[in-house]
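Residue-level structure breakdown
Chain by chain, the residues:
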Amino acid sequence: MPPHESSAFPKNLSDPKLLPGVEVDEMLTRIKHSHGHYYKMMNIEVWALVETLDGLFPGAWGQFMTNRQIAVKQFLERDRAPNWTVESKDAGTDVETIGSEEEA
């Protein structure tokens, strides 16, 4: 959330350099509280999307997370070894399909 849209700032904010320390602390507390609510709302929205996805396509979220774990492992391996190359068995396949081929 951009700072200018935050309800934590009063509309008639004077020069922040002239504010007493107590007011600055109160404003920081309100901003932290506001951002906390924002992140909680984001978590609820993601949960709703996951529930909807699993309702329409059972097991889709589990497969997504499996593919994500594989992608993160590959990314970390590439990050650790700058000369990392794609294995021949993985060549030409998407990250999303690498884990599912072994299960089939």
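Now for a look at the structure at hand. (Residues numbered from 1 in each chain as written. Predicted model: local features only at pLDDT ≥ 70, side-chain atom pairs only at ≥ 80, totals over all residues. Heavy atoms only, no water.)

**Considering the overall build of the protein**
Secondary structure summary: the protein contains three helices and zero strands in total. The helix and strand sequence of the protein, counted from the amino end, reads α-α-α. Within the protein, residue pairs in contact and separated by at least 24 positions form 36% of the contacts whose partners lie at least 6 positions apart. Carbon together with sulfur atoms contributes 60% to the accessible area of the protein, which is approximately 8700 Å² in total. (Helix = DSSP H or I, 4+ residues; strand = E, 2+ residues; numbered from the N terminus. Contact = heavy atoms within 4.5 Å. Areas by Shrake-Rupley, 256 points an atom, 1.4 Å probe, with all protein chains shown as cover.)

**Some points on the packing of aromatic side chains**
For the structure on display, the rule yields two aromatic pairs. Between Tyr 38 and Tyr 39, the aromatic rings sit 5.5 Å apart at their centres with planes inclined by 70°, giving edge-to-face as the arrangement. (Phe/Tyr/Trp six-rings, centres within 6.5 Å; stacked < 30°, edge-to-face > 60°.)

**Some points on a nonpolar patch on the surface**
On the surface, a cluster of nonpolar side chains totalling about 310 Å² of accessible area is made up of Tyr 38, Tyr 39 and Met 42. Since its relative accessible area comes to 54%, Tyr 39 is described here as exposed. (Patch = residues over 30% accessible without salt bridge, like charges linked within 9 Å, V, L, I, M, F, W, Y side chains within 5 Å. Salt bridge = Lys/Arg side-chain N within 4 Å of Asp/Glu carboxyl O. Buried < 20%, exposed > 50% of the residue type's maximum accessible area, 1.4 Å probe, protein only.)

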